[in-house]
Amino acid sequence: MEIKNVATNTVIPYARNPRQNQGAIAKVAASIKEFGWQQPIVVDSEMVIIAGHTRLSAAQSLDLTEVPVFIANDLTPLQVKAYRIADNRVGQEADWDHDLLTLELKDLLSEEYDLDSTGFSKDELSNLMNAEINFGPGTEEEQGRLDQLEPQMVLCPNCGEDFDGRKHAKI
């Protein structure tokens, strides 16, 4: 895989990008500042973005003059269109193991590492670090209580979807 640096202003956002990424730009910019470029922007042969709109916006917000790109010459036009969607969608399928996440965050904190660079807000970090619950499957009794909640609408403040995948306003 060949990655090359190009002038930021030569990378062209895809005009029909369906992903709304404004809320992530500052966090991605902070990540680039802390960790550098660990993932290039994927473009087609015309320098139109396939994956990496948020990375480009973050670079622009940092006034970077160059960005790393990977030119995906081996994809058909239909594959490019599908990959634009899949690249963003597949990340939504992952969940956190909150117990392990808390352990990792506590390890960083014990070394006085600034947790702001992890992408979590101060409120999210506070909730994670102060949580005294096991987020595993629980006992049968606990599951019974959870089952009673099924008719209720549960909103996810981070993803804007309730438990059955229907879109709702973020809270």
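What counts as what
- Residues numbered from 1 in each chain as written.
- Predicted model: local features only at pLDDT ≥ 70, side-chain atom pairs only at ≥ 80, totals over all residues.
- Heavy atoms only, no water.
- Helix = DSSP H or I, 4+ residues; strand = E, 2+ residues; numbered from the N terminus.
- Buried < 20%, exposed > 50% of the residue type's maximum accessible area, 1.4 Å probe, protein only.
- Contact = heavy atoms within 4.5 Å.
- Patch = residues over 30% accessible without salt bridge, like charges linked within 9 Å, V, L, I, M, F, W, Y side chains within 5 Å.
- Areas by Shrake-Rupley, 256 points an atom, 1.4 Å probe, with all protein chains shown as cover.
- Salt bridge = Lys/Arg side-chain N within 4 Å of Asp/Glu carboxyl O.
- Lys, Arg positive; Asp, Glu negative; His and termini not counted.
- Charge placed at Lys NZ, Arg CZ, Asp CG, Glu CD.

**What to know about unusual backbone geometry**
Part 1 of the reasoning: Here the phi dihedral of Met47 falls at roughly 70°; this positive angle occurs in a residue that is not glycine.
Part 2 of the reasoning: Along the polypeptide, Met47 turns up in the loop between β2 (41–43) and β3 (49–51).
Part 3 of the reasoning: Residue class for Met47 comes out buried when judged on its relative accessible area of 14%.
Part 4 of the reasoning: The backbone of Glu112 sits at a positive phi, close to 60°, despite the residue not being glycine.
Part 5 of the reasoning: Assignment of secondary structure puts Glu112 in the loop between α4 (98–110) and α5 (122–130).
Part 6 of the reasoning: Relative accessible area serves as the criterion here: at 74%, Glu112 is assigned to the exposed category.

**Observations regarding the side chain of Thr8**
Part 1 of the reasoning: Following the sequence through the fold, Thr8 ends up in the loop between β1 (3–7) and α1 (25–35).
Part 2 of the reasoning: Here Thr8 falls in the buried class, since its relative accessible area comes to 8%.
Part 3 of the reasoning: When sequence neighbours within four positions are dropped, the list of residues in contact with Thr8 reads Leu56, Gln60, Leu64, Thr65, Glu66 and Val67.

**So, a negative patch on the surface**
Part 1 of the reasoning: Among the surface-exposed residues, Glu104, Asp107, Glu111 and Glu112 lie close enough to one another that they form a single negatively charged patch.
Part 2 of the reasoning: Position of Glu111 relative to the elements: it lies in the loop between α4 and α5.
Part 3 of the reasoning: Given a relative accessible area of 66%, Glu111 falls into the exposed group.

**Concerning the environment of Gln22**
Part 1 of the reasoning: Considering the arrangement of structural elements, one finds Gln22 in the loop between β1 and α1.
Part 2 of the reasoning: C-alpha separation for the pair Gln22 and Ala58, spaced 36 residues apart in sequence, amounts to 9.6 Å.

**So, the pattern of salt bridges**
Part 1 of the reasoning: For the structure on display, the rule yields 2 salt bridges.
Part 2 of the reasoning: We note a salt bridge from Glu93 to Arg89, for which the minimum N-O separation is 2.6 Å.

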